[in-house]
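# What the coordinates show
The lines below spell out each chain.
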Amino acid sequence: MLRILSKDENFEDKISGLPLCLRQDNMIQKFDIEIAVFRTKFFDLLPESASQFLHGKLVNRITGNKIHGLKPFTLKDFIEWLPYTVSLEKYRTVDKAVEWNPESSKIPTRSWIKNVWCFIKGEMLPYQSDNHARILHELKDLLPWCLIPCKIEHEQLCGGFLITYARHYLYNKVDSERRREMNEKKCVNLLYPLGDINAVLDINTFHGDLAQALNSLKLPVLDTNDSLLGSLTPSIESCTGVLKCLYLNREMLQKSHSILHQEHCTVILEFLSECFRCGRGEQVHPDLITWIKEIPIHVTVSGCVTSLNTTQMILVVPSGMPTNGIDVWAKQTQTTLLKTTTNCEVYLKHSICRREVYATLMRNIFYKHFNIYLYKIVKRI
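What you see is a predicted model; the values in this text were computed from it and never measured. (Residues numbered from 1 in each chain as written. Predicted model: local features only at pLDDT ≥ 70, side-chain atom pairs only at ≥ 80, totals over all residues. Heavy atoms only, no water.)

## Points about the confidence of the model for the protein chain
Rules: pLDDT expresses how confident the predictor is about each individual residue, on a scale running from 0 to 100. By the criteria applied, helices consist of DSSP H or I runs no shorter than four residues and strands consist of E runs no shorter than two, each listed in order from the N terminus. Residues are treated as being in contact if the distance between any of their heavy atoms lies within 4.5 Å.
Looking at the protein chain as a whole, the pLDDT averages 79, with 74% of positions reaching at least 70. Here strand S7 (residues 163–166) is the element of the protein chain with the lowest mean pLDDT, 31, and helix H3 (residues 75–81) is the one with the highest, 97. Low pLDDT, under 50, characterises residues 355–363; the predicted model gives this stretch 16 contacts beyond four residues in sequence or across chains.

Put into structure tokens, the structure is as follows:
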């Protein structure tokens, strides 16, 4: 019937009031502006609100933009009807990630999340040329919703023994040394709130040593190839974004700092040093200095990994300087001694740490041990 009527040049006027509007829930109603339904190719995005959508079979068959009883489906409409399909209590968490099974038959599934971002991408087309802040502003009402598919990979020991990681081997404190390949990799799938997008890393944009180093941190990483999500997520294109991501995950890093590989930390620090390279007359934003200090990826001369959020003096030990006995001096003087890295001059420039003159350090160490030695001699006499 609709196919026949659609050939009439006055189709848009004649269809008004006719009970030929088949909804997505397979019920029929009149084409009436008072009870208009959404006409969209995303007719199955909110199945619990199927009565609000024109049936998918009619979406492309009914042409015309001024048909009474049909209306466009916008981002505002999606947000309004979303709670009827996705649990408000479970998935509108504001700042807490939710564990999920992407292969589940119950929404949200992986395919459903993909369709959601396909819809959002279309709604954001007018803002594609704008910066990320503008796009996130347009999505402000979606920020509390868990819609970012992520995963966190970590290794699970067979037998559950306490382990530490060093030089690509797992050392069992109860048993003998075991290779890393003997352990099973476990992947935890999560949905992150859109408002926490800066805490998720687009790991697929990194390569080589840097990718390996960042992977070792076991941070939440993007688990989709959606271009819009990828453009909003910290990636190789934004050194500052990666720095902020590490800062937002600092508590997670702090809990796992004992298994962080110092060589990986050095690679990451060298990449992050680009955030502090400024032209003449330019100033580094204070937040960047705060973030880099708070992240526990700084390597000391003793091989430990630490943050610089401390009241102790922070010094960089010059390359090639003998370190025998230096730990004793550092402990006595409450000083954190960092290893020299390729780009440490950048951090020194912004007073994140400072380099002590070789002679000063050696003089303090020498006097300390010489006085102890002299005291022992006098005591014997």
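Continuing now.
## Observations regarding the nonpolar core
The criterion, for reference: Residues belong to one nonpolar core when they are buried, are Ala, Val, Leu, Ile, Met, Phe, Trp, Tyr or Cys, and are joined through side-chain atoms within 4.5 Å. Exposure classes here rest on a 1.4 Å probe applied to the protein chains alone. A residue is buried below 20% of its type maximum, exposed above 50%, and partly exposed in between.
Ranked by internal contacts, the top residues of the largest apolar core, which has 44 residues, are Leu45, Leu75, Phe78, Ile120 and Leu142. Elements with a contribution of two residues or more to this core: H3, helix H5 (110–123), strand S6 (146–156), strand S10 (184–193) and helix H8 (227–232). In terms of residues, this core owes the most to one element, H5, which gives six residues. Excluding residues within four positions of it along the chain, isoleucine 120 makes contact with Leu75, Leu139, Leu142 and Leu228.

## A short note on the packing of aromatic side chains
What characterises a pair of aromatic rings is the spacing of the ring centres plus the angle enclosed by the ring planes. This is how it is decided: Stacked, tilted and edge-to-face pairs are distinguished by plane angle, under 30 degrees for stacked and over 60 for edge-to-face with tilted covering the rest, among Phe, Tyr and Trp rings (Trp via its six-membered ring) whose centres lie within 6.5 Å. Only lysine NZ and arginine CZ atoms are considered, and such an atom sits over a ring when it is within 6 Å of the ring centre and within 35 degrees of the ring normal.
Evaluation of the coordinates by the stated rule reveals nine aromatic pairs. The lysine or arginine in question, arginine 250, covers the ring of tyrosine 247, its NZ or CZ lying 4.0 Å from the ring centre.

## Describing the side chain of threonine 40
What counts here: Polar contacts, as counted here, are pairs of nitrogen or oxygen atoms within 3.5 Å of one another; within protein the pair requires one atom able to donate a hydrogen and one able to accept it, and residues that are adjacent in sequence qualify only if both atoms are side-chain atoms.
Counting through the fold element by element, threonine 40 comes out in the loop between strand S3 (37–38) and strand S4 (70–71). For threonine 40, a relative accessible area of 11% gives the class buried. Reaching out from threonine 40, the side chain makes a polar contact with the backbone nitrogen of phenylalanine 42 at a distance of 3.0 Å. In this view, threonine 40 contacts Phe53, Val59 and Phe73; residues no more than four positions away in its chain are not counted.

## Observations regarding the packing of helix H9 (residues 239–248) against helix H12 (residues 286–294)
A pair of packed helices can be characterised by two numbers: the angle between their axes and the separation between those axes. Spelled out, the test is: Lines are fitted to the C-alpha atoms to define the axes, a helix being fitted only along its stretch in contact, and any angle between axes, read from their N-to-C directions, falls within 0 to 180 degrees. Comment on the angle field: the value is read as roughly parallel under 35 degrees, roughly antiparallel over 145, roughly perpendicular from 65 to 115, and oblique elsewhere. By definition, any crossing whose near helix is turned counterclockwise from its far helix by less than a right angle is left-handed, and any crossing with a clockwise turn is right-handed. Here the nonpolar group is Ala, Val, Leu, Ile, Met, Phe, Trp, Tyr, Cys and Pro; Asp, Glu, Lys and Arg are the charged ones; every other residue, Gly included, is treated as polar.
Look at H9 against H12: their axes get within 9 Å of each other, and the N-to-C directions meet at 50°. Regarding the angle of H9 to H12, the classification is oblique. Handedness of the crossing formed by H9 with H12: left-handed. Of H12, the residues touching H9 (which contributes Thr240, Leu243, Lys244 and Tyr247) are Leu288, Trp291, Ile292 and Glu294. Of the residues belonging to the contact of H9 with H12, the class tally is five nonpolar, one polar and two charged.

## Quick look at the pairing of strand S15 (residues 335–338)
The test is simple: A pair of strands is labelled paired if DSSP reports no fewer than 2 bridges between them.
Judged by which residues are buried, S15 turns out to be covered on both faces: Thr335 and Leu337 on one side and Thr336 and Leu338 on the other are all buried. Taken together, the four bridges between strand S14 (residues 313–316) and S15 define a ladder with parallel strand orientation. Paired with leucine 315 across the two strands is leucine 337, which belongs to S15.

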